[in-house]
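Architecture and fold: a report
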Amino acid sequence: MTLLLGASVLLMVGCASKPKVDWDARVGNYTHDQAVVELGPPDRESGLSDGRKVAEWVVGRSRSGGLSIGFGTYSGPIGVGVSKSVGPGPYDKVLRLTFDKEGKLLDWSRN
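Since this is a predicted model, take the numbers as computed values, not measurements.

Time to look at the nonpolar core. Trp23, Tyr30, Ala35, Ala55, Trp57, Leu95, Leu97, Phe99 and Leu105 form the largest nonpolar core, which has nine residues in total. By residue number, the principal contributor to this core is strand E5 (residues 92–99), which donates three residues. In this view, Trp57 contacts Ala35, Leu39, Gly40, Pro41, Pro42, Asp43, Lys93, Val94, Leu95 and Leu97; residues no more than four positions away in its chain are not counted.

Rendered as structure tokens:
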């Protein structure tokens, strides 16, 4: 019984989701350094001529939402099939953070 209870608790803890980040609340007081500590080095980063910095982190990958259509034929020991995928393919989910000259968060977006 104790083993079952322990396994149930571990399963619930392991499946707990992280709370969503309130990026709007972080605007103005979250820094580039904090972002690097929390998210790791950005996947892409560029400095703008006015001193702002735009940093992007790939935070996930979407699955293809397309439709696959196929047909095939089979005769004896040989089979042949053809398939065609229609629709958009997978894409990266990107978190884009823009920081001012002092490194404070100005704006954010996520696709």
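This next bit is on the pairing of strand E1 (residues 44–47). Bridging between E1 and strand E2 (residues 53–61) involves four bridges; their strand directions are antiparallel. When the sheet's bridge partners are listed, Ser46 is paired in E2 with Val54. Between E1 and the antiparallel strand that follows it, E2, lie five residues; Gly51 among them carries a positive phi value of about 95 degrees.

Sheet architecture is open: four strands sit in the order E1-E2-E5-E6, paired in antiparallel fashion. What marks the edges here is a single partner per strand, and that holds for E1 and strand E6 (105–110). Each neighbouring strand pair of the sheet contributes to a mean axis angle of 15 degrees, computed without reference to strand direction. Helix H3 (residues 32–39) contacts E1, E2 and E5 of the sheet and is inclined by roughly 155 degrees relative to E5.

This part takes up the environment of Gly70. Along the chain, Gly70 turns up in strand E3 (residues 67–75). Taking C-alpha positions, Gly70 is 7.2 Å from Gly81, a pair spaced eleven residues apart along the chain. When neighbours within four sequence positions are excluded, Gly70 is seen to be in contact with Val82 and Ser83.

Under the counting rule described, the total for this entry stands at five salt bridges. Where Glu38 meets Arg26, a salt bridge forms, and the shortest distance between an N and an O atom there is 2.9 Å. Within this pair, whereas Glu38 is found in helix H3, its partner Arg26 is found in helix H2 (residues 23–26), the two being separated by twelve residues in sequence. For Glu38, a relative accessible area of 39% corresponds to the partly exposed category. In this structure, the salt-bridge partner of Glu56 is Arg96, at a minimum N-O distance of 2.3 Å. On the criterion of sequence distance, the pair formed by Glu56 in strand E2 and Arg96 in strand E5 is long-range, its members being 40 residues apart.

Rules used throughout
- Residues numbered from 1 in each chain as written.
- Predicted model: local features only at pLDDT ≥ 70, side-chain atom pairs only at ≥ 80, totals over all residues.
- Heavy atoms only, no water.
- Core = buried A, V, L, I, M, F, W, Y, C linked by side-chain atoms within 4.5 Å.
- Buried < 20%, exposed > 50% of the residue type's maximum accessible area, 1.4 Å probe, protein only.
- Helix = DSSP H or I, 4+ residues; strand = E, 2+ residues; numbered from the N terminus.
- Contact = heavy atoms within 4.5 Å.
- Pairing = 2+ DSSP bridges.
- Axes fitted to C-alpha atoms, helices over the stretch in contact; angles between N-to-C directions.
- Salt bridge = Lys/Arg side-chain N within 4 Å of Asp/Glu carboxyl O.

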